[in-house]
Amino acid sequence: MGDEVDGNTVLAQALKAQGVEFIFGIIGYPVIELSLALQMADIHYIGMRNEQAACYAAQAMGYLTGNPAGVLCVSGPGVLHTFAGMANAQVNCWPVLVIGGSAPQDHEGIGGFQECNQVELARPYSKYSARPPSIPLIPSHVEKAVRLAKNGRPGAVYLDFPANILSGKVDSSAVPLQYGPTEIPIIYPDPKKIQHAIKVLSEAKRPLVIIGKGAAYARAEDQVNELVNSTNLPFLATPMGKGVVSDTSDKCVQSARTLALLKADVILLLGGRLNWMLHFGRPSRFAPDVKVIQIDISSEELHNSVKSEVAIQSDIKTAVAELAKGLKLQKFVFSRTEEWWTSLTKKCDENRKNVEAMANDHQVPLNYYAVFSNLYKNLPDNCIIVSEGANTMDIGRAVLLNKRPRHRLDAGTFGTMGVGPGFAIAAALYCRHYEPTKKVICVEGDSAFGFSGMEIETMVRYRLPIIVVVVNNSGIYTGMDHEVFEEIQNSGEITKVTPPGCLTSATRYDQMMALFGRTGFFVQTIPELESATKQALEIHEGPTIINVLINRTADRKPQAFNWLTESKL
Ligand code: ADP
Ligand code: MG
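Bear in mind the structure is a predicted one, so any value in this text is a computation, not a measurement.

Reading the values: the criteria
- Residues numbered from 1 in each chain as written.
- Chains lettered and ligands numbered in written order.
- Predicted model: local features only at pLDDT ≥ 70, side-chain atom pairs only at ≥ 80, totals over all residues.
- Heavy atoms only, no water.
- Core = buried A, V, L, I, M, F, W, Y, C linked by side-chain atoms within 4.5 Å.
- Buried < 20%, exposed > 50% of the residue type's maximum accessible area, 1.4 Å probe, protein only.
- Helix = DSSP H or I, 4+ residues; strand = E, 2+ residues; numbered from the N terminus.
- UniProt positions renumbered as here; feature names shortened; annotations may be inferred.
- Lys, Arg positive; Asp, Glu negative; His and termini not counted.
- Salt bridge = Lys/Arg side-chain N within 4 Å of Asp/Glu carboxyl O.
- Contact = heavy atoms within 4.5 Å.
- Expected span 1.5 Å × (residues − 1).
- Pairing = 2+ DSSP bridges.
- Axes fitted to C-alpha atoms, helices over the stretch in contact; angles between N-to-C directions.
- Near = heavy atom within 4 Å.
- Polar contact = N/O pair within 3.5 Å; in protein donor to acceptor, adjacent residues only side chain to side chain.
- Areas by Shrake-Rupley, 256 points an atom, 1.4 Å probe, with all protein chains shown as cover.
- Nonpolar A, V, L, I, M, F, W, Y, C, P; charged D, E, K, R; others polar.
- 1 Å grid on protein atoms, 1.4 Å probe; cavity = no way out; pocket = protein on both sides within 12 Å on 5 of 7 lines; lining within 4 Å.
- Points joined across faces, edges and corners; volume = space filled by probe spheres on them.
- Donors = N, O, S within 2.8 Å, 3.2 Å for Na, K, Ca; no water.
- Phe/Tyr/Trp six-rings, centres within 6.5 Å; stacked < 30°, edge-to-face > 60°.
- Lys NZ or Arg CZ within 6 Å of the ring centre and 35° of its normal.

Novice: Got a minute to help me understand the nonpolar core in this structure?
Specialist: One broad trend across soluble globular proteins is that nonpolar side chains are buried collectively. Ranked by size, the top nonpolar core spans 114 residues in total, and within it F24, V224, L409 and I466 carry the most contacts. Element by element, the count of residues in this core is highest for helix α3 (residues 51-65), at ten residues. Membership of the second largest hydrophobic core comes to 34 residues, among which are A14, I23, A130 and A145.

Novice: Honestly, the UniProt feature "domain: Thiamine pyrophosphate enzyme central" (unreviewed entry) in the chain in this entry has me stumped. Any pointers?
Specialist: Taking the numbering used here, the UniProt-annotated feature "domain: Thiamine pyrophosphate enzyme central" (unreviewed entry) corresponds to residues 194-323. End C-alpha to end C-alpha, residues 194-323 measures 6 Å, and it is 31% helix and 18% strand.

Novice: Looking at this model, I keep getting lost on the side chain of D446. Mind explaining?
Specialist: Relative to the helices and strands, D446 is located in helix α17 (residues 446-452). The side chain of D446 sits in the buried core without any salt bridge; R552 is the nearest counter-charge, 7.9 Å away. Aside from chain neighbours lying at most four places away, what touches D446 is V470, V471, N472, N473, S474, G475, L503 and Y509.

Novice: Looking at this model, I keep getting lost on the pattern of salt bridges. Mind explaining?
Specialist: Side-chain pairs of opposite charge can arise whenever the charged atoms involved come near each other. Inspection of the entire model under this criterion finds 28 salt bridges. The shortest N-O distance in the salt bridge between R49 and E457 comes to 3.0 Å. A residue pair is termed long-range when its members are at least 10 positions apart, and R49 in the loop between β3 (44-47) and α3 and E457 in helix α18 (residues 455-461) qualify at 408 residues. The buried category is assigned to E457, whose relative accessible area is 18%. The partner of E457 in a salt bridge is R461, and the shortest N-O contact between them spans 2.8 Å. Of the two residues, E457 and R461 both sit in helix α18, four residues apart, roughly one turn of that helix. Here the salt bridges do not stand alone but share partners, grouping K16, E21 and D42 into one network.

Novice: Mind showing me how you'd approach helix α16 (residues 420-434) here?
Specialist: Residues lying three or four places apart along an α-helix face the same way, a consequence of the helix completing one turn every 3.6 residues. Its 15 residues give α16 an end-to-end C-alpha distance of 20 Å, which sits within 8% of 21 Å, the value for a rise of 1.5 Å per residue. Counting buried residues in α16 gives twelve out of 15 residues, a clear majority hidden from the surface. Listed as buried for α16 are G420, P421, G422, F423, A424, I425, A426, A427, A428, L429, Y430 and C431.

Novice: What am I meant to see in the sheet that holds strand β5 (residues 96-102) here?
Specialist: Sheets are built from strands that pair by backbone hydrogen bonding, the pairs being arranged parallel or antiparallel. Strand order in the open sheet made by the six strands is β3-β2-β4-β5-β7-β6, with parallel pairing throughout. On the outer flanks of this sheet lie β3 and β6 (128-130), each paired with one strand and no other. Each adjacent strand pair in this sheet contributes to an overall mean axis angle of 20°, direction not counted. In this structure, strand β2 (residues 22-25) lies alongside strand β4 (residues 70-73), joined through three bridges in parallel fashion. Bridge assignment links I23 to a residue of β4, and that residue is G70. Against the sheet, helix α4 (residues 77-92) contacts β4, β5 and β7 (156-162), and its axis sits at roughly 160° relative to β7.

Novice: I'm lost on the site of ligand 1 in this one. Help?
Specialist: The immediate surroundings of ligand 1 are formed by 21 residues, with R153, K213, T238, R273 and D296 found nearest. A distance of 3.1 Å separates a nitrogen atom of ligand 1 from a polar backbone atom of I297. Between I316 and ligand 1, the recorded distance is 3.1 Å, taken from a backbone N or O atom to a nitrogen atom. About the coverage of ligand 1: the protein hides 97% of its 580 Å² of free accessible area. Per-element accounting of the shell around ligand 1 gives the leading share, three residues, to helix α9 (residues 213-217). Of the residues assigned to the shell around ligand 1, the class counts are six nonpolar, nine polar and six charged.

Novice: Please explain empty space enclosed by the protein as it appears in this structure.
Specialist: It is the rolling of a water-molecule-sized probe over the atoms that shows where space remains empty. One pass over the structure, following the stated rule, counts two cavities of 30 Å³ or more. What lines the largest cavity is simply Y376, L379, P380, D381, N382, C383, I385, L401, N402, K403, R404 and H407. Residue classes in the lining of the largest cavity are distributed as six nonpolar, three polar and three charged.

Novice: When you look at the coordination of the magnesium ion (ligand 2) in this model, what are you seeing that I'm missing?
Specialist: In a perfect tetrahedron of four donors around a metal, the angles come out at 109.5 degrees. In a perfect octahedron of six, they are 90 or 180 degrees. Every protein donor of the magnesium ion (ligand 2) is listed here as D446 (OD), N473 (OD1) and G475 (O), and their distances to the metal cover 2.0 to 2.1 Å. Between consecutive donor residues of the magnesium ion (ligand 2), the sequence gaps follow D-x26-N-x1-G. Overall, N473 belongs to the buried group, its relative accessible area being 2%. A relative accessible area of 4% places G475 in the buried class.

Novice: How do you make sense of the packing of aromatic side chains when you look at a structure like this?
Specialist: Any two aromatic rings considered together are summarised by their centre-to-centre distance and by the angle between their planes. Under the criterion given, the structure shown has nine aromatic pairs. Ring plane angle 85° and centroid distance 6.3 Å describe the contact between Y56 and F423, whose orientation is recorded as edge-to-face. Here the residue Y56 occupies a position in helix α3, and F423 occupies one in helix α16, the gap between them amounting to 367 residues. F423 matches Y56 in its accessibility class, with the two residues each being buried. Among the aromatic residues, ring-to-ring pairing joins Y56, Y63, W94, Y217 and F423 into one connected group. Between the NZ or CZ atom of R508 and the centre of the ring of F522, over which it lies, the distance is 3.9 Å.

Printed below as a string of structure tokens:
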């Protein structure tokens with residue numbers, strides 16, 4: 001006979017044994033003791049203000065480290081609040097493990113406190129959703145959940161723990177030792193497919209490499225850089241694929257994105273999906289006869305939306321290394337003097353000039369381009385940039401360049417608003433533990449910031465030096481000048497006349513810092529922004545907010561295509 005052990009301890013130790021290092025959550029019945037058991041098991045526990053933000057933080061940690069982090073939440077509403085996060089992780093293909101408390105089993109079916117059919121409800125948002133039926137089975141469920149979160153195409157997993165399982169006790173000899181964590185298997189490409197890809201690429205007149213966030217997740221930066229640099233192929237990155245190869249590379253044709261997609265005859269797609277973000281790979285945004293060479297870890301993803309000329313199920317690292325080796329053997333280099341390069345370079349130069357003109361326009365109230373280009377000028381090269389909001393994110397993406405992989409976190413494939421503060425918290429913890437010299441900048445639209453703004457308190461409590469920049473146009477998409485807004489609100493019944501997209505004008509988000517006896521920065525001009533950024537970078541303990549009031553009707557530069565509606569399906 002050994003000692004007695006409770007479910008909380010078994011669960012905490014099982015998580016630690018599977019390599020889970022960080023758990024984000026909110027405590028309450030029935031997971032209070034569990035949170036303490038986690039800390040006893042030497043796991044970092046970060047108390048958040050909403051389970052949704054906790055789930056965003058955990059999945060960002062999963063993306064940044066390649067290792068799943070956990071979410072701890074109470075039964076019923078607590079679990080339901082994580083679903084936006086689980087769906088976001090699932091759609092982004094990021095690992096995350098959600099651990100939900102649930103009503104004791106002897107209260108089930110008779111109206112237990114926060115009783116909820118959590119396992120079934122979590123299923124559509126996860127790769128695996130289960131309830132360990134006994135304390136001795138907890139370790140094997142945890143092993144399976146962690147393995148499923150990270151192997152194959154990564155995603156969300158859910159484990160459910162009734163109160164009686166958590167607080168129940170068994171003899172410790174009844175709990176079997178569990179193996180783990182197991183390694184993620186490396187998938188190698190079919191050599192025949194690699195040869196076919198090499199042939200198609202070397203015959204291309206207008207080749208283009210597209211780097212997706214799968215390449216970033218795969219940590220394939222060395223291989224992808226080698227490929228692009230040795231072949232001189234032009235490349236584009238998706239929002240979170242940015243930085244796998246530096247945005248400042250002379251092979252980057254981001255500024256000619258529309259033209260590059262439209263005219264390419266061969267596309268090498270590395271860990272990206274031909275979904276709305278890449279206009280489905282179809283006309284009118286792509287040539288009808290474009291040949292796609294697709295590399296993805298998920299065989300189910302191959303041929304999605306358009307039939308690929310060459311479809312390779314593989315890890316990006318191994319496939320790209322083979323491709324680069326094969327192309328090198330053939331001495332394949334795509335010459336700068338090719339007409340394709342000339343037209344791309346010309347387009348890039350034109351677009352850059354347009355953006356520069358707007359960036360140099362420092363007229364007050366400021367426009368987005370002026371704000372972002374000044375911010376970019378003053379930020380250290382290696383900072384992690386978190387960004388969300390409509391224009392804030394879209395324009396910021398073009399101006400705030402990324403030189404390193406996994407240094408941009410944004411609303412992602414699911415277009416989720418509210419992710420910013422959670423992502424920034426994970427990024428700052430990641431930096432503290434693994435790369436302490438780095439800074440985290442969280443660039444938020446004022447509307448986006450509202451979703452999870454209270455996480456500022458979490459940042460203060462854990463002394464995370466995050467610079468939150470609120471790009472404030474007093475509204476969703478656009479806002480209104482104060483006087484006009486007031487006039488409208490006074491013109492009739494307030495809920496019938498207030499424009500649905502307007503927020504209170506010129507809100508002083510910076511003054512949220514006063515809640516903690518600190519001061520933020522209120523910025524209306526470029527010199528004020530410059531000075532605020534420099535001072536904020538000197539703050540090494542706790543967050544700060546730079547509230548930048550911009551033109552309420554500032555917008556993107558004119559676009560050739562509307563962002564969503566132009567694909568002919
Ligand atoms: P983006 O939004 O950048 O286009 P997506 O999230 O649409 O990227 O696509 C990422 C793709 O990368 C997914 O289809 C996923 O299966 C794939 N992926 C994830 N990890 C790896 C890996 N290690 N090797 C290859 N592909 C991967
Ligand atoms: Mg706004």
